[in-house]
Amino acid sequence: MQKVNCLFVGIDAYAIQPLRGCRNDIAAAEHWVRSLPDTRAAVRVLADSEARLDAVVEAIDTHLGASGPGDTALLWFSGHGSRRTCTDGREATGMAQALVCHDSQGADGQALTDDVLGDLLDGIAATGAHVVAVLDCCYSGGATREEDPRVRSVPWQPSWDRRAERGAGGSTAGPAAGPRRHVLLAASRLDEPAYETGTDPVHGVFSKALLDALADLGPGASCREVLDLAAVRADDGTGRQHPTLHGVGDQGFRDGRSTPVSRFRLRRERGCWTVNCGAVHGLRAAGGEFTARLASGRTGTAVVREVFAERSTVEPLGDLAEALDPRGTTPVVPSALAFPPAAVTVTGDRAWADPLTAAVAAHPLLATSGGGTPLGVELHRGTARIHDEVRPLPPQPLRDADDLAEVIASLAHLAQWHRVRDLTNPDPTLSGLVHLTVEPLRGGRRESVLGESIHEYTADGRPPQVRITLHNRSDRTLWCTLLDLTDSHGIAHELYEGDFIRSQGTAQALRGDPVWLYLPENRPVRPGAQVRDWLKLIVAENEFALEPLLLPPLAPGGARGNRPDPEPLLRVAARDAGRDAGRPFTDPGDWGTADLALRTVVPEPLGW
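Please read these numbers as outputs of a predicted model, since none were measured by experiment.

### Let's talk about the overall build of the chain
Then comes step 1: If you tally the helices and strands in the chain, you get ten helices and 30 strands.
Then comes step 2: Evaluated residue by residue, the chain yields a buried proportion of 57% over its 608 residues.
Then comes step 3: Put simply, 76% of the contacts in the chain that link residues at least 6 apart link residues at least 24 apart.

### Some details on the side chain of Asp250
Then comes step 1: Relative to the helices and strands, Asp250 is located in the loop between β9 (244-246) and β10 (264-269).
Then comes step 2: Taking relative accessible area as the criterion, Asp250 reaches 17% and is therefore assigned buried.

### Remarks on the nonpolar core
Then comes step 1: By size, the foremost hydrophobic cluster in this structure holds 41 residues, and its most contacted members are Val9 and Ile60.
Then comes step 2: Only β1 (2-10), α2 (53-62), β3 (72-78), β5 (95-99), α3 (114-125), β7 (130-136) and β8 (183-186) provide two or more residues apiece to this core.
Then comes step 3: No other element matches the five residues that α2 contributes to this core.
Then comes step 4: Once residues lying within four places of it in the same chain are set aside, the contact partners of Ile60 are Leu7, Gly65, Leu75, Leu112, Leu117, Leu120, Leu121 and Ile124.
Then comes step 5: Trp479, Leu483, Leu546 and Leu550 belong to the second-largest nonpolar core, a separate cluster that totals 37 residues.

### Side note on the sheet that holds β1
Then comes step 1: If you walk across this open sheet you meet the six strands as β2-β1-β3-β7-β8-β9, and the pairing is mixed. Among the strands making up the open sheet, the edge pair consists of β2 (39-47) and β9. Looking at each pair of strands side by side, their axes are set apart by 15 degrees on average, direction ignored.
Then comes step 2: Pairing of β1 with β3 involves seven bridges; the strand directions are parallel. Pairing of Phe8 across the sheet is with Trp76, part of β3.

### Some points on the sheet that holds strand β22 (residues 445-447)
Then comes step 1: The six strands are arranged β22-β23-β30-β29-β25-β26 in an open sheet whose pairing can be described as mixed. The strands lining the two open edges of the sheet, one partner per strand, are β22 and β26 (491-501). Across this sheet, the average inter-strand angle for adjacent strands is 20 degrees, counted without regard to direction.
Then comes step 2: Both strand β25 (residues 478-486) and strand β29 (residues 530-540) contribute to a ladder of eight bridges, which runs antiparallel. When the bridges of β29 are listed, Leu483 appears paired with Lys536.

### Re the confidence of the model for the chain
Then comes step 1: A residue-level look at the chain finds 86% of positions with pLDDT of 70 or above and a mean pLDDT of 84.
Then comes step 2: Counting interchain partners and residues more than four positions distant, the pLDDT-below-50 stretch residues 140-147 has 16 contacts.
Then comes step 3: The low-confidence segment residues 559-589, where pLDDT is below 50, has 89 contacts with residues more than four positions distant or belonging to other chains.

### Topic: the pattern of salt bridges
Working definition: two side chains of opposite charge can pair if their charged atoms are close together.
Then comes step 1: Taken as a whole and assessed by the stated rule, the structure comprises 30 salt bridges.
Then comes step 2: Ionic pairing is found between Asp235 and Arg267, a salt bridge with its closest N-O pair at 3.7 Å. Residue Asp235 is located in the loop between α6 (223-234) and β9, and its partner Arg267 is located in strand β10; the two are separated by 32 residues in the primary sequence. One exposure class covers both Asp235 and Arg267, and it is buried.
Then comes step 3: Ionic pairing is found between Arg421 and Glu389, a salt bridge with its closest N-O pair at 2.6 Å. One end of the pair, Arg421, is in helix α9 (residues 401-421); the other, Glu389, is in the loop between β19 (383-387) and β20 (396-397), with 32 residues separating them in the sequence.

### So, the pairing of strand β11 (residues 272-275)
When a strand is regular, its side chains alternate between the sheet's two faces.
Then comes step 1: Across four bridges, the pairing between β10 and β11 is antiparallel. Bridging across to β11, Arg267 finds its partner in Thr274.
Then comes step 2: As defined by bridge partners, β11 adjoins strand β14 (residues 312-316) across three bridges and the pair is classed as antiparallel. Opposite Val275, over in β14, you have Ser312 as the bridge partner.

### Here we look at the packing of aromatic side chains
Then comes step 1: The tally for this structure, following the rule as stated, stands at four aromatic pairs.
Then comes step 2: With a centroid separation of 5.5 Å and 85 degrees between ring planes, the pair formed by Trp417 and Trp534 is classed as edge-to-face. Of this pair, Trp417 sits in helix α9 while Trp534 sits in strand β29, placing them 117 residues apart in sequence. The pair Trp417 / Trp534 is uniform in exposure class, with both members buried.
Then comes step 3: Between Arg442 and the ring centre of Trp516, over which it is positioned, the NZ or CZ distance is 4.9 Å.

### Points about the packing of helix α1 (residues 22-34) against helix α5 (residues 205-217)
Then comes step 1: Two elements in contact, α1 and α5, have axes whose closest approach is 10 Å; the angle formed by their N-to-C orientations is 10 degrees. Of the possible angle classes, the one that applies to α1 and α5 is roughly parallel. Seen from α1, the contacting residues are Asp25, Ala28, Ala29 and Trp32; seen from α5, they are Ser207, Leu211 and Leu214.

The rules behind these values
Here the residue index of a chain counts from 1 through its sequence in written order. Note on the predicted model: pLDDT of at least 70 is required for a residue's local features to be given, and 80 or more for side-chain atom pairs to be given and counted; whole-chain, interface and lining totals, by contrast, use all residues. The basis for the side-chain values is all heavy atoms of the structure; hydrogens and waters are excluded. Helix numbering and strand numbering both begin at the N terminus, where a helix is a DSSP run of H or I of at least 4 residues and a strand a DSSP run of E of at least 2. Burial status follows relative accessibility: with a 1.4 Å probe on protein chains alone, a residue under 20% of its type maximum counts as buried, one over 50% as exposed, and anything between as partly exposed. Only heavy atoms enter the contact rule, under which two residues are in contact if any of them lie within 4.5 Å. To define a nonpolar core, start from buried Ala, Val, Leu, Ile, Met, Phe, Trp, Tyr and Cys residues and group those joined through side-chain atoms within 4.5 Å. DSSP bridges decide pairing: two strands pair if at least two such bridges lie between them. In this analysis an axis means a line fitted to C-alpha atoms, helices contributing only their contacting stretch, and an angle means the value between N-to-C directions, from 0 to 180 degrees. Known as pLDDT, the predictor's confidence for each residue is given on a scale from 0 to 100. Only one rule defines a salt bridge in this text: a Lys or Arg side-chain nitrogen within 4 Å of an Asp or Glu carboxyl oxygen. For this analysis, a ring pair means two rings from Phe, Tyr or Trp (six-membered ring only for Trp) whose centres lie within 6.5 Å, classed as stacked if their planes differ by under 30 degrees, edge-to-face if by over 60, and tilted for the remaining angles. In this analysis the charged atom, NZ for Lys or CZ for Arg, is taken to sit over a ring once it is within 6 Å of the ring centre and within 35 degrees of the ring normal. Note that the term roughly parallel is reserved for angles under 35 degrees, roughly antiparallel for angles over 145, roughly perpendicular for angles of 65 to 115, and oblique for everything else.

This is how it looks when you write it as structure tokens:
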């Protein structure tokens, strides 16, 4: 029985610019949660005058805060939002956002600011609870948008500027670790309005679309699946409201369980069929193909016609278009991409060289020649040693077909890791306007002749600490995420999961907390020991799906059956004419990258 603590806040009766559909939203949301099977819902509702700021904060702290490990805490807010420009360097977007409570519009009223709300929810998530926030309000204000009574936005009031100071705090998280965070499903982007429906009974466009998606997908759906379908249902063809997700999207909406789903989806969007895979994911040019998987079990093919930064337009072939639901989403996997496969050279024992070479040639990410990432496999007396330029890999057994499959899985993992590390836009315009800086806070620092930033343990054996800053020097607001690629061939995003950074703005990894650089547990702290990380900043004009770029550390020879499946972006099928489908990488779209190589070392002599 899943325990779900729910706080539903809906405010129609504002003193300034009242709304009509917010109480309807939370009533429908309460009906949905109470109808879920195998769910024990503890519901608290704050409507209109009940939804004072102190009451909302108290309910989050006590009612949602009563959630423990394995429980779910759900906050659903329907009402007004607001924003203003902000000079606080910790606000990467250059804007301060707030939820407008019932008493916020008084002369001395206060709003629930985004940083306070985030700290409250993350504090609950840190206990092990699954925390989801649904915010059906807009973060934009101003007279130009107040003309439409359906917009859930009011201007910022001066009294709201007396914001609570953030706690300084410290973090012991390293480049590939971080605290558990809440998941946010927002009605719109930070610079967009959120609308109400124009017909009775009035609802928030996003709330109605989200509840429809939850009803259609069922209680086991992931946050990303629910958000993507809701975005389709909320799209009225104008492109004025884009629901967004912040946090880890492959958690179940109801219970937080890891929910493996297709990362890419085919949908109808403003008159075109699109897939949320674009140049930022490595899709190089038109000509590639996606395989669509319909609910009926049948499959079909969609050909990429144009590649944008965060999505692609596609053409369904045959009768696939007639079978697709224009009001839904369909899982797809890339089946013929313009990625050059890794070039694998096999040497050694002939008894296994031929079957391994054949398996390499049959894998969509690997080839026996070509211009892809060079990898080598040396076969000797029942073992396979993979040669990679990052760091030596331990030998793997090669005695039977299962061992052969493990070696191929390791090679495919390396191919994916290198593709992400090498991801760059040939057009240097945007890449030249974003960069990363590292400020040492503890331990020595020097730079190698190759530009690698080297950070040293202290003389008494403490790991170095740094502050990492993301810089956007372009003339536009950019969606940014910071990946950490480790020399264990893992890819994580906890340093900066993703958010918009304003033009000429900055943001800091771990929200400004120190980043600890330390050796993995399996590497003793002794003179000469080291670990390498490659930080990759990826920016685009629009939010993009991040999950396909992530990887767990490579564990060759691990228990069979426990290896994670390859990400959908890499489960591709070769064309008859070759796997390098599509044309050369000539028009990837408006996106860019910035890279920084880090090396953490224990100096010699240590002297402690």
